[in-house]
Amino acid sequence: MIAPLLALAAAAAAVPPADLPGVWEGTVGNLPVRACFVGRDSGAFGAYYYSSRLQLIPLHAEEGARTAFTEGAGDDADAPRWSIERAEGGRLTGRWTAGRRTLPLRLTRIAAAEGDDGACSSLAFHQPRLAGVRTVSARATKDGVGYTRMTLDTGGRFEVSFETFALDGTSEAVRRINAALGRGLAGDPPQWFECIHDSLSYSPMEGSFDESLAPAMISSRWMSVAHHWDGFCGGAHPDSSNSYRTFDLTSGAEIDLHDWLNSRAVKVERFEGSEDASKTLEPAFREVVLGAWRAEDAECDEVIRGQEYWNIGLTRSGLVFSPQLPHVAQACGEEFTVPIDRLRPFLTDEGAANLRALQGESVPG
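Residues numbered from 1 in each chain as written. Predicted model: local features only at pLDDT ≥ 70, side-chain atom pairs only at ≥ 80, totals over all residues. Heavy atoms only, no water.

1. Topic: the environment of Leu-130
Formally: Secondary structure elements are taken from DSSP: a helix is a run of H or I of four residues or more, a strand is a run of E of two residues or more, and numbering for both begins at the N terminus. Classification of residues uses two cut-offs on accessible area relative to the type maximum, computed with a 1.4 Å probe and protein chains only: under 20% is buried, over 50% is exposed, and between them is partly exposed. Whether two residues touch is decided by their heavy atoms; if any such pair falls within 4.5 Å, the residues are in contact.
With respect to the helices and strands, Leu-130 occurs in helix H2 (residues 123-130). According to the relative accessible area criterion, Leu-130 is buried, its value standing at 14%. Sequence separation between Leu-130 and Pro-189 is 59 residues, and the spatial gap between their C-alpha atoms is 8.3 Å. When near neighbours in sequence (up to four residues on either side) are disregarded, Leu-130 contacts Leu-123, Arg-157, Phe-158, Pro-189, Trp-192 and Phe-193.

Set out below in structure tokens:
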């Protein structure tokens with residue numbers, strides 16, 4: 001009976017006081033801070049930031065402790081620590097210690113824990129950090145077409161880099177395209193904040209990412225957009241991707257270039273009761289895409305040749321293909337441009353007509 005009782009005692013010690021989860025505001029010494037605490041069955045954690053800097057500092061619960069938290073990554077024995085002495089009745093007191101220096105903690109609860117995601121991912125905690133985040137605009141051109149480049153400026157508060165663009169004009173097609181390109185900046189909170197929210201729902205480590213959307217080609221009818229994403233928003237591993245998106249400038253619709261290829265190239269599987277479909281490249285067509293390519297690494301050769309799902313981008317000379325690889329194989333990622341002449345047997349009538357028209361256009365200056 002002793003071992004089970006010890007296990008129960010250890011588990012109880014890991015559970016924070018019932019009044020601790022939530023959002024708190026007050027001071028560390030005389031410095032204003034805002035803090036949050038989450039009490040999950042898998043373990044407690046928290047985070048805080050100084051009002052003067054607005055940069056997040058993780059708080060990791062110390063093993064077997066209900067009220068002791070270590071700052072930073074949680075693996076530095078010399079890192080500052082929080083020792084919470086009391087958390088009840090809307091008041092929190094304790095000590096902040098770094099080496100021989102000790103400061104009092106005096107906080108007041110300003111919001112209770114919010115649902116399953118917890119206080120550290122809530123707007124109540126992050127609102128001061130979001131205030132003042134802005135978008136910086138600059139003019140640019142691609143293929144003779146002017147547009148506005150928009151870059152997110154977080155003032156160093158978040159580890160986020162986000163850039164997109166907006167076309168000139170007020171037509172319905174332009175408005176539709178700009179809405180799609182600007183989705184990451186839209187909303188309250190903005191969509192880019194989802195990465196921060198998702199990571200802090202399960203750990204004290206804030207999500208971070210680098211994302212960019214930039215025009216790769218603009219013709220009289222089509223626009224190809226290069227989309228890069230690299231970062232970590234929680235989960236087992238970071239992630240990254242490089243892909244293309246294609247827009248019809250006459251309607252503003254985003255199109256799927258798989259639909260320009262016929263059944264010799266693409267296998268389409270419809271899902272019952274849904275408009276969605278699975279679109280994969282046929283093995284014989286994948287060999288056409290790869291051509292004379294040979295991977296330097298045998299494992300990469302196997303992964304790429306066996307990949308059924310591919311992203312397709314539009315260029316003036318043909319289509320560019322890139323395999324959609326799992327995280328463990330992303331180092332094998334490559335792009336393969338297939339010229340129109342090699343694509344002809346695999347194009348639908350619509351696809352062939354669109355590529356001929358694009359090929360016939362003069363290239364701007």
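2. Remarks on the sheet that holds strand E12 (residues 208-218)
Convention followed: In this description, strands pair whenever DSSP reports at least two bridges between them. Inter-axis angles, ranging from 0 to 180 degrees, are taken between N-to-C directions of lines fitted to C-alpha atoms, where helices are fitted over the stretch in contact.
In spatial order, the strands read E9-E10-E11-E12-E13-E14-E15; together these seven strands make up an open sheet with mixed pairing. Single-partner strands in this sheet number two, and they are strand E9 (134-142) and strand E15 (254-255). Strand direction decides the pairing type here: strand E10 (residues 145-153) and strand E11 (residues 160-167), joined by five bridges, are antiparallel. Bridge pairing in E11 links Thr-151 to Glu-163. Running over the sheet, helix H3 (residues 172-181) touches E11, E12, strand E13 (222-232) and strand E14 (239-248) and is turned about 175° from E11.

3. Focus: the nonpolar core
Basically, it comes down to this: Residues enter a nonpolar core if they are buried and are Ala, Val, Leu, Ile, Met, Phe, Trp, Tyr or Cys, with the set joined through side-chain atoms within 4.5 Å.
Core analysis: the biggest nonpolar cluster contains 37 residues, and Val-160, Leu-167, Leu-181, Trp-192 and Met-223 have the highest contact counts within it. Among all residues touching Trp-192, those that are not within four sequence positions of it are Leu-130, Val-133, Leu-152, Phe-158, Val-160, Gly-184, Leu-185 and Phe-209.

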